[in-house]
Amino acid sequence: MDIIRSADSMAEWSRKARLAGKTIGLVPTMGALHQGHISLINKARRENDLLVVSIFVNPLQFAPGEDYARYPRDEERDLSITGKAGADAVFTPDAGSFSEGEKTIISVPGMNKLLCGESRPTHFDGVTTVVAKLFNVTGANKAYFGEKDFQQLVIVKRMVSDLRIPVEVVGCPTIRESDGLAMSSRNRYLDADERIRGLSLRSGILEAQRMVKEGIREANKIEESVKKILNEANLTIDYVSICHPDTLNKIDHLDGPARILVAAKVGKTRLIDNDSV
Ligand code: PAF
């Protein structure tokens, strides 16, 4: 497995691979790899000649006061996981060097200010700017993103479609702990009590799905029931919202494809989850 630390070397690696007629799959990550990442890596491994995993804690997507400095970093462990999973290259540019000095920002206006973008107004511009750059330097044919970050997935798909970036964005199902908590690198911030209270995101979503099955169609009524479950677990709700899965626009009456998205803080840790309803 090649460990590549500069954008120039990554671009050269990719140029040679493509000249040799190889397809490249990319799994973009910020490291602290867990089973969710491994499922993306395994799928990408199966579907491409070559597999690149990027590991970059992207400063552009953290606002001042967020957890950039304490975001978990464990390169040795991550490299061992990617090696065992059969990655051909790990692209891990030095901290900051990959996103410093540039002036261009890629933005998907509108979508970037909804949902998580309300409380994190600069977050998605940071994601799209770095993801576009990762697509360019890795020359990936396919890139794999988890549905756990559903808004990110929709925004990245929109950027790729608007800018005609020649990469196929593949969304992959959320991987959960055995009790239902969506896997996230941030779960390790939770103490035992918070870990249990955090499960209410999943319970809320399951309740929403139960209500829809029962025939309830008013989004507001469903959202209020989910909020009640989160409040009972003493979480600080950021949003509970039923949206169209392609546009992320709010839905009032459920009569077609819909997704419920939830964000809440348990203690200091912000958790998100979503599912179709
Ligand atoms: O989902 C993540 O880990 C990050 O947002 C990503 C896509 C690697 C961009 O920094």
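Everything below is about the structure printed above this text.
Residues numbered from 1 in each chain as written. Predicted model: local features only at pLDDT ≥ 70, side-chain atom pairs only at ≥ 80, totals over all residues. Heavy atoms only, no water.

Focus on the pattern of salt bridges
For side chains of opposite charge, pairing can occur when their charged atoms come near one another. As a reminder of what qualifies: A side-chain nitrogen of Lys or Arg and a carboxyl oxygen of Asp or Glu constitute a salt bridge if their distance falls within 4 Å. We count a stretch as a helix when DSSP gives it H or I for four or more residues in a row; a strand needs E for two or more, and each element gets its number in order from the N terminus. Relative accessibility decides the category of a residue: with a 1.4 Å probe and only protein chains considered, values under 20% of the type maximum give buried, values over 50% give exposed, and everything between is partly exposed.
Across all of its chains, the model carries 23 salt bridges by this definition. Between Arg-195 and Asp-179 there is a salt bridge, with its nearest N and O atoms 3.0 Å apart. With Arg-195 in helix 7 (residues 192-198) and Asp-179 in the loop between strand 6 (168-172) and helix 7, this residue pair connects regions lying 16 residues apart in the sequence. For Arg-195, a relative accessible area of 23% puts it in the partly exposed group.

Considerations on the site of the ligand
For clarity, the cut-off: Nearness here has a simple test: a residue counts as near a molecule or strand if at least one of its heavy atoms is within 4 Å of that partner. Here a polar contact is taken to be a pair of N or O atoms separated by no more than 3.5 Å, where protein atoms must pair a possible hydrogen donor with a possible acceptor and residues adjacent in sequence count only if both atoms sit in side chains. Here the Shrake-Rupley method, with its probe set to 1.4 Å, supplies the accessible areas, and only the displayed protein chains count as covering residues. Ten residues, namely Ala, Val, Leu, Ile, Met, Phe, Trp, Tyr, Cys and Pro, are considered nonpolar, four, namely Asp, Glu, Lys and Arg, are considered charged, and the remaining ones, Gly among them, are considered polar.
All residues adjacent to the ligand are Pro-28, Thr-29, Met-30, Asn-58, Gln-61, Val-131, Phe-145 and Gln-152. In this structure, an oxygen atom belonging to the ligand sits 2.7 Å away from a side-chain N or O atom of Gln-152. In isolation the ligand exposes 290 Å². Once the protein is present, 90% of that is buried. Considering only residue class, the shell around the ligand consists of 4 nonpolar, 4 polar and no charged.

Quick word on the side chain of Arg-186
Basically, it comes down to this: Note on contacts: a residue pair is in contact if any heavy atoms of the two residues lie within 4.5 Å.
Note on placement: Arg-186 falls in the loop between strand 6 and helix 7. Polar side-chain contacts of Arg-186 include one of 2.8 Å to the side chain of Asp-67. Leaving out residues up to four positions away in the same chain, Arg-186 has contacts with Phe-62, Asp-67, Tyr-71, Arg-120, Thr-269 and Arg-270.

Points about unusual backbone geometry
Positive phi values are uncommon outside glycine, yet Arg-164 reaches one of about 50 degrees. Note on placement: Arg-164 falls in the loop between helix 6 (150-162) and strand 6. The phi angle at Leu-248 is positive, at roughly 65 degrees, despite the residue not being glycine. If you trace the backbone, Leu-248 turns up in the loop between strand 7 (236-243) and strand 8 (259-266).

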